[in-house]
Amino acid sequence: MLPHYTMTQPKGLTSVLKWEANPDFSRESAVLLAGSGAVRTIAVGMIVAMLATASATTASVAADAGNTGNGVMTMSTPAVTGAVKEGIYKVVCTDPATNGGTFEVTDPNGDSVGTAKVGAAFTKQVRFTIADGGNDFAAGDRFEITVTGADINPNAGKAVAWDPTASDGSEVPWGIAATAAEAQDGVDLEIGLVVLRRDALCFANGIVWPDGVTDAQKAVALQDLEKQGIVVRTT
């Protein structure tokens, strides 16, 4: 079921966007998933999510037996994004710190995905949080995440409206719609949806929330957006 929105007068981008670093950097195009029995509509100011791989995808964690630190890694729900690859992700401590540390994350091809901080959620391809333990992590400490069943959802990586009650990836904010877009019934919209993704400052009253969303769900969504560098100001 699609999340329900009550729409009044359409918003323009200036009612949502206060500042962005650079349009070429701050914005990304996305494929809008085809409507299912109706037109799928995205309005400027809606929070956009990205469908993950099918629920059959599994991501299992193993800490290296030789780790100095005894903190644990916990996978998020969902544990992967639509960009995940099947195979083994390596998460290696490169910058140890007292009660903290930084880990380099590489995909099954050995390419860097990004860095993860102890105590902070990592949300690229694989989604997890590393907790501090009684023993601090040392350089070279590692975790491995084994992903199986990836790419079995043909709609993985396609954009939809954010839905905090879902469990298919659409509950994880990916950005804020900078353009209005419509995908016809049964036909993906390949070109036309542009999303604010990073280094942007937005007006709170420009956000278009789905009907029934709670204050707690709004707060979590705004926190997730801020982790991507999208800050929503109330004034």
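For the structure, check the block above.
Below is a short write-up of the structure. (Residues numbered from 1 in each chain as written. Predicted model: local features only at pLDDT ≥ 70, side-chain atom pairs only at ≥ 80, totals over all residues. Heavy atoms only, no water.)

## Details of the overall build of the chain
Thought 1: The helix and strand inventory of the chain stands at two helices and 18 strands.
Thought 2: On C-alpha atoms alone, the chain measures out to a radius of gyration of 19 Å, which is about the 18 Å that the 2.2 N^0.38 rule sets for 235 residues.
Thought 3: Summarising its shape, the C-alpha atoms of the chain cover approximately 60 × 40 × 35 Å along the three principal directions.
Thought 4: Across the chain, the fraction of contacts at a sequence separation of at least 24, relative to all contacts at a separation of at least 6, is 75%.
Thought 5: Counting only carbon and sulfur atoms, one obtains 51% of the accessible surface of the chain, whose full area is about 11400 Å².
Thought 6: Across the chain, the centroid of the 16 positively charged side chains sits 5 Å from that of the 26 negatively charged ones. (Helix = DSSP H or I, 4+ residues; strand = E, 2+ residues; numbered from the N terminus. Rg over C-alpha atoms; globule rule 2.2 N^0.38 Å. Contact = heavy atoms within 4.5 Å. Areas by Shrake-Rupley, 256 points an atom, 1.4 Å probe, with all protein chains shown as cover. Lys, Arg positive; Asp, Glu negative; His and termini not counted. Charge placed at Lys NZ, Arg CZ, Asp CG, Glu CD.)

## Here's the deal with the packing of aromatic side chains
When we look at a pair of aromatic rings, we describe it by the centre distance and by the angle of the planes.
Thought 1: Considering all chains together, one arrives at five aromatic pairs under this definition.
Thought 2: Centre to centre, the rings of Phe103 and Phe137 are 5.1 Å apart; their planes meet at 90°, and the pair counts as edge-to-face. Here Phe103 is found in strand E8 (residues 100–106), whereas its partner Phe137 is found in the loop between strand E11 (126–130) and strand E12 (142–148), with 34 residues between them in sequence.
Thought 3: On the numbers, 5.1 Å between centres and 25° between planes, the contact of Phe122 with Phe128 is stacked. (Phe/Tyr/Trp six-rings, centres within 6.5 Å; stacked < 30°, edge-to-face > 60°.)

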